[in-house]
Amino acid sequence: LLADQDGRKFAAFAAGIHDFGPFLYVAELGLVALFGCHIWIAVRLTLTNTAARPVAYRVRKPVGESSTASRSMFITGSIVLGFIIVHLINFRFAKGLAAPPAEDLAALVKAVLSEPLWAVIYLAGSIAVGVHLSHGFKSVFQSLGVHHLKLNLVFYRLGMALAIVIAMGFAAFPLVGLLIWKGGAQ
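Rules used throughout
Residues numbered from 1 in each chain as written. Predicted model: local features only at pLDDT ≥ 70, side-chain atom pairs only at ≥ 80, totals over all residues. Heavy atoms only, no water. Helix = DSSP H or I, 4+ residues; strand = E, 2+ residues; numbered from the N terminus. Buried < 20%, exposed > 50% of the residue type's maximum accessible area, 1.4 Å probe, protein only. Contact = heavy atoms within 4.5 Å. Areas by Shrake-Rupley, 256 points an atom, 1.4 Å probe, with all protein chains shown as cover. Phe/Tyr/Trp six-rings, centres within 6.5 Å; stacked < 30°, edge-to-face > 60°. Salt bridge = Lys/Arg side-chain N within 4 Å of Asp/Glu carboxyl O. pLDDT = per-residue confidence, 0-100.

Trainee: What is the right way to look at the overall build of the chain in this model?
Mentor: Check the secondary structure of the chain and you find seven helices and zero strands. The helix and strand sequence of the chain, counted from the amino end, reads α-α-α-α-α-α-α. Of all 186 residues assigned to the chain, the portion counted as buried reaches 25%. Contacts in the chain between residues far apart in sequence, at least 24 positions, make up 75% of those at least 6 positions apart. Counting only carbon and sulfur atoms, one obtains 74% of the accessible surface of the chain, whose full area is about 12700 Å².

Trainee: I tried to follow the packing of aromatic side chains on my own but got confused; where do I start?
Mentor: A ring pair, where both rings are aromatic, is described by two values, the distance of the centres and the angle of the planes. Counted according to the given criterion, the structure contains six aromatic pairs. Centre to centre, the rings of phenylalanine 83 and tyrosine 122 are 5.3 Å apart; their planes meet at 75°, and the pair counts as edge-to-face. With phenylalanine 83 in helix 4 (residues 73-92) and tyrosine 122 in helix 6 (residues 116-143), this residue pair connects regions lying 39 residues apart in the sequence. Assigned by exposure class, phenylalanine 83 and tyrosine 122 land together as buried. Ring plane angle 70° and centroid distance 5.3 Å describe the contact between phenylalanine 137 and phenylalanine 141, whose orientation is recorded as edge-to-face. On the criterion of helical spacing, the pair formed by phenylalanine 137 and phenylalanine 141 is a turn pair, its members being four residues apart in helix 6. With relative accessibility at 21%, the residue phenylalanine 137 sits in the partly exposed group. Among the aromatic residues, those joined into a ring-pair cluster are Phe83, Phe91, Tyr122 and Phe170.

Trainee: In this structure, what is going on with the pattern of salt bridges? I would like to understand it.
Mentor: Pairs can form between side chains of opposite charge whenever their charged atoms are close. Counted by the stated rule, this structure contains two salt bridges. Residue arginine 8 is joined to aspartate 6 by a salt bridge in which the shortest nitrogen-to-oxygen separation is 2.6 Å. The class for aspartate 6 is partly exposed, based on a relative accessible area of 46%. The salt bridge involving glutamate 28 is made with arginine 92; its shortest N-O contact spans 2.7 Å. With glutamate 28 in helix 2 (residues 22-52) and arginine 92 in helix 4, this pair connects stretches of sequence that are 64 residues apart.

Trainee: Even after reading the chapter, I still don't get the confidence of the model for the chain, so can you show me in this structure?
Mentor: As a note on interpretation, predicted positions should not be read in detail where pLDDT is low. For the chain, mean pLDDT is 85; residues scoring 70 or higher make up 89% of the total. Ranking the helices and strands of the chain by mean pLDDT puts helix 7 (residues 149-179) first, with 92, and helix 3 (residues 68-71) last, with 80.

Below is the structure:
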């Protein structure tokens, strides 16, 4: 979409996805199930951690490997959830329960992301995804019991690189919307 001014390549990409037919719905349900499992595991882990320390600390200050990202997982996770819901409403369910036709999709994306309010919402979502991933990638290995001094550094660096690349990739669209597509599809 960023390199395709008339939207034909983007429309072909979207049509290719919709050509999966019923398999697309299976994949979407699988993603919903995985997302639900992620939330369930996060809630369970939080409750386990709370049960291990039922009395709150008198003073909350960062200690050890604690980071802003690790302390804000609930907040960034909630923002990501809101981001996903907004994204689905704007693009997947833009015309009722069916996705918009592929040929209209590029114009729809450009129109939505060229609006400053939507662009800021998408930028905030992109940043939240990055912050969430920056801690979550390393944390998942620790939760699975893979905890080694040398590996922790590798997981941390991989997680940071992944978080930056994904956040920047997502953020590119609303930035282009504000700077180039402003005023609707062009």
